[in-house]
Amino acid sequence: MIPQISSFQQYQEVYNHSVNDPEGFWAEVAQNFQWRKPWKKTLEWDFATANTKWFVGGKMNITENALDRHLATRGDQAAIIWESNDPEEESITLTYKMLHQKVCQFANVLKKHGAKKGDRICIYMPMIPELAIAVLACARIGAIHSVVFGGFSAQSIADRINDAQCNIVITSDGSFRGNKEIGLKNTVDDALIQCPSVKKVIVSTRTRTPVSMLKGRDVWWENEVKTVSSDCPAEEMDSEDMLFILYTSGSTGKPKGVVHTCGGYMVYATYTFANVFQYQPEQVHFCTADIGWITGHSYIVYGPLCHGATSLMFEGIPTYPDAGRFWDVIDKHKVNILYTAPTAIRSLMSFGNQFVDNKDLSSLKTLGSVGEPINEEAWNWYNENIGKGKCPIVDTWWQTETGGIMISPIAGITKTKPAYATLPLPGVQPILVDENGNEILGNGVSGNLCIKFPWPGIIRTTYGDHERCIQTYFSTYKNLYFTGDGCLRDEDGYYRITGRVDDVMNVSGHRIGTAEVENAINMHLGVIESAVVGYPHDIKGQGIYAYVICDKDLEDKDLARKDILATVTRAIGPIAKPDKIQFVSGLPKTRSGKIMRRILRKIAEGETANIGDTSTLLDPSVVEEIIGGAL
Ligand code: WTA
């Protein structure tokens, strides 16, 4: 099993070793996995060309590590516990043996429909066991999964399918979220009008919503599994073969497909899982993320399963049937580790303590936070009311592109400080730089967060466009991976992430590019131009503020606002809907035509007294007008 750090002194020793001899360090960690053939070289890298290869020449399959390897030792232990959206519906436990059998069986269904190594398969499903099974079945046969979060629109699905040229889609008839029933297959059908590459759609049953099933293209999951055997040897994969694509937003253009490969991602997700949470045998790990995001990939599926852990998967939302649902789930399944997002914490906090006080949370040992900066108030509430002052909180900073946690306390070992991600994990070498890329040394400083040496989970490419990967991550500062985050390092050398320094918003822990939302708004008839910025929001962390110029035809502003929301929902999905739309007659632009977002951000934040220099603007008077109408 993966070595776990057991004291702060050992952390320091291991950390130093990982910096002095990164290859030696990661080779030792990687020994603890099952390889079909050993690697020949631990690392090859060149940041200038965005080229990183770990465990070069090694052969393996991640599902042999996540499943087969555990059959002899813990075949009857729960691999996945599934809790329904509906508290009355019985939960499901899949042991490692059962999960292995189901994954192999579904892998054979994929093969039966022509799937093979290297194919891209889009997965658009609710949080049901079949989602984890579908992901692992792809990995079993060497197909590359591209999971699309169930909240994205048909247009977003189509963009992602076309970008990766997927030939199969796996979906469900519908999903349950709180008291809502959402059609998924219908949305997929709308998407597929634009997707000629897709030849097969496999549909699992969840809501039994009426759906159209196209003869020759669509098949039911439940029927298909009856037609195949449950014996499916794993495909032999190279360390650097692609494992999955996951689309994420940046400051420009459409979302890009972040690519992770088999060997390095496996080692990194598992090592960080075992160490950050200090997972002990038999514990129940509850990560509340959706598998449609990287957190779900790494800490519901791959990390826990490769470590032989029990992973709890929850279909529902934290406020259904009431704001005590997480605490009920924890009591019911005796959850030991809870890993959730600040947004959920702030939302539950706002309901008051009556939903927490009468719950038995005594099984909890460790609490985690991820996805956005956690404010001190939320950190303290989490610590006192959920952890009862006895559970270490690990505030884990990382990104889709990093594959796993990068800066975080090690539970119970690193001394925590509210709102601080604290210290880098072994193998992670953060540095702060100023605008010109000069390293900012010492403590009590802040700057842009970069990483100066590769780790096994680092992004390999952006699918179909390697140049974009180089431009986005490795060009801002020479020979550094740029995270896009601002960060301070305090007197103790502890890191605190302060948020994005680029045009990416973080809304309820979801990454959304301002450009993406602007493009969606601009699609609407009558809209001439728009500018979108984030602003502080009590629950969501950031809200979306849109300034919109529209032509005279849009007289009824109330209706126009609703129509724009409908347009954004259709183009991206409800998660990207602006919280505020202000109609303006002009935008603050420089003489060269660049929108001064700094000014718009200040106005959205309500800081109108302190707008700063507007003398370079083409028409400074628009600022007065915008301030006058600010929402
Ligand atoms: C932000 C989610 C502060 C950050 C795993 C990063 C955080 C972006 C934290 C990545 C944290 C994530 N403290 N900010 N603990 N964790 N972020 O790709 O801005 O969805 O760049 O990955 O979320 O979001 P992503």
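Preceding this section is the structure that the text describes.
Residues numbered from 1 in each chain as written. Predicted model: local features only at pLDDT ≥ 70, side-chain atom pairs only at ≥ 80, totals over all residues. Heavy atoms only, no water.

Engineer: Which residues make up the sheet that holds strand β25 (residues 495–500), and what values go with them?
Structural biologist: Read from one edge of the open sheet, four strands run β21-β22-β24-β25, paired in antiparallel fashion. Lying at the two open borders of the sheet, with one neighbouring strand each, are β21 (430–433) and β25. The sheet shows a mean angle of 45° between the axes of neighbouring strands, taken without regard to direction. Of the pairings in the sheet, the one linking strand β24 (residues 481–489) to β25 comprises five bridges and is antiparallel in character. Bridged to leucine 488 within β25 is arginine 496. (Pairing = 2+ DSSP bridges. Helix = DSSP H or I, 4+ residues; strand = E, 2+ residues; numbered from the N terminus. Axes fitted to C-alpha atoms, helices over the stretch in contact; angles between N-to-C directions.)

Engineer: Residue-level account of the nonpolar core, with values.
Structural biologist: By size, the foremost hydrophobic cluster in this structure holds 124 residues, and its most contacted members are Leu99, Phe106, Leu110, Ile123, Ile170 and Tyr302. Excluding residues within four positions of it along the chain, phenylalanine 106 makes contact with Ile133, Ala134, Ala137, Ile170, Ile202, Trp221 and Val225. With 49 residues, the next largest nonpolar core counts Phe149, Val211, Ala520 and Val548 among its residues. (Core = buried A, V, L, I, M, F, W, Y, C linked by side-chain atoms within 4.5 Å. Buried < 20%, exposed > 50% of the residue type's maximum accessible area, 1.4 Å probe, protein only. Contact = heavy atoms within 4.5 Å.)

Engineer: With reference to specific residues and values, describe the pattern of salt bridges.
Structural biologist: Considering all chains together, one arrives at 33 salt bridges under this definition. For aspartate 503, the salt bridge goes to arginine 601, with nearest N and O atoms at 3.4 Å. Highlighted residues: aspartate 503 in the loop between β25 and β26 (504–507) and arginine 601 in helix α17 (residues 597–604), separated in sequence by 98 residues. Of the residues examined, arginine 601 reaches a relative accessible area of 32% and is grouped as partly exposed. Put simply, lysine 589 and glutamate 529 hold a salt bridge, and the shortest N to O gap is 3.0 Å. With lysine 589 in the loop between β30 (580–583) and α17 and glutamate 529 in strand β28 (residues 527–537), the pair connects residues that are 60 residues apart, well separated along the chain. (Salt bridge = Lys/Arg side-chain N within 4 Å of Asp/Glu carboxyl O.)

Engineer: Give a detailed account of the site of the ligand, specifying residues and quantitative values.
Structural biologist: In the vicinity of the ligand there are 17 residues, among which Asp395, Thr396, Thr400, Asp485 and Arg511 approach most closely. For the ligand, an oxygen atom lies 3.1 Å from a polar atom in the backbone of glycine 371. Here an oxygen atom of the ligand and a side-chain polar atom of asparagine 506 are 3.4 Å apart. Protein chains bury 96% of the 520 Å² of accessible surface belonging to the ligand in isolation. Contributing elements (two or more residues each) for the shell around the ligand: α10 (294–306), β20 (393–396) and β25. Looking at the shell around the ligand residue by residue, the classes come out as six nonpolar, six polar and five charged. (Near = heavy atom within 4 Å. Polar contact = N/O pair within 3.5 Å; in protein donor to acceptor, adjacent residues only side chain to side chain. Areas by Shrake-Rupley, 256 points an atom, 1.4 Å probe, with all protein chains shown as cover. Nonpolar A, V, L, I, M, F, W, Y, C, P; charged D, E, K, R; others polar.)

Keep in mind these numbers describe shape, not what the thing actually does.
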